[in-house]
Amino acid sequence: MKKIEYFGAKWCESCKTVLPIVESLENVEVEIIDVEKETDRAISLGIRNIPVLRFLNKDGSEKHRLVGNRTKEEIASYLE
C-alpha cells in the first residue's frame, strides 16, 4: 500500500484545505503529523513550511515532497 506522511497544524488555513483531500484518497495509508506536537521530527526532516506531503517508497524513504495547497488531482498524480 502507498504511504503519505502529512505534516500540518490545526491553526494553518492551507492545512485545513489539504487535509480533507488527503483523507479522501483511496488505497493510501496516511500518517497525520501535527508539527506542534512532533516538532523535532519535522525539524529533522527539513519541514519548514506547512502543509507538507511526503510520499514514501516501500522502504520508508522519501520519493516525493509537495509543499503548500494542492488539488486532489495533483496529489493523486504522485501516487501513480
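Each remark here, short or long, concerns the structure printed above.
Predicted model, so just to flag it, every value in this text is computed and none were measured.

Draft legend 1. Up close: the pattern of salt bridges. This model, assessed by the stated rule, comprises nine salt bridges. When the shortest N-O distance is used, the salt bridge between Lys3 and Glu31 registers 3.4 Å. Here Lys3, found in strand β1 (residues 2-8), pairs with Glu31, found in strand β2 (residues 28-34); they are 28 residues apart in sequence, far enough to count as distant. With a relative accessible area of 24%, Lys3 lands in the partly exposed category. On the basis of relative accessibility, which here comes to 24%, the residue Glu31 falls in the partly exposed class.

Draft legend 2. Structural view of the sheet that holds strand β3 (residues 52-56). With mixed pairing, four strands are arranged side by side in an open sheet as β2-β1-β3-β4. Among the strands making up the open sheet, the edge pair consists of β2 and β4 (62-67). Put simply, the sheet's adjacent strands are angled 20° from each other on average, direction ignored. As judged from the five bridges shared by β1 and β3, these two strands associate in the antiparallel manner. Of the residues in β3, the one forming a bridge with Glu5 is Arg54. Those strands touched by helix α1 (residues 13-23) are β1, β2 and β3, and its axis lies near 160° from that of β1.

Draft legend 3. Layout of the nonpolar core. Of all hydrophobic cores here, the largest spans 22 residues; its most connected members are Ile4, Phe7, Ile50, Leu53, Phe55 and Ile75. Contributing elements (two or more residues each) for this core: β1, α1, β2 and β3. The element best represented in this core is α1, accounting for four residues. The contacts of Leu53, once residues within four sequence positions are left out, are Ile4, Glu5, Tyr6, Val18, Val22, His64, Arg65, Leu66 and Ile75.

Draft legend 4. Representation of the environment of Glu73 within the structure. Inspection of the secondary structure assignment puts Glu73 in helix α3 (residues 72-77). Look at Glu73 and you get exposed, because its relative accessible area is 61%.

About the thresholds
- Residues numbered from 1 in each chain as written.
- Predicted model: local features only at pLDDT ≥ 70, side-chain atom pairs only at ≥ 80, totals over all residues.
- Heavy atoms only, no water.
- Salt bridge = Lys/Arg side-chain N within 4 Å of Asp/Glu carboxyl O.
- Helix = DSSP H or I, 4+ residues; strand = E, 2+ residues; numbered from the N terminus.
- Buried < 20%, exposed > 50% of the residue type's maximum accessible area, 1.4 Å probe, protein only.
- Pairing = 2+ DSSP bridges.
- Axes fitted to C-alpha atoms, helices over the stretch in contact; angles between N-to-C directions.
- Contact = heavy atoms within 4.5 Å.
- Core = buried A, V, L, I, M, F, W, Y, C linked by side-chain atoms within 4.5 Å.

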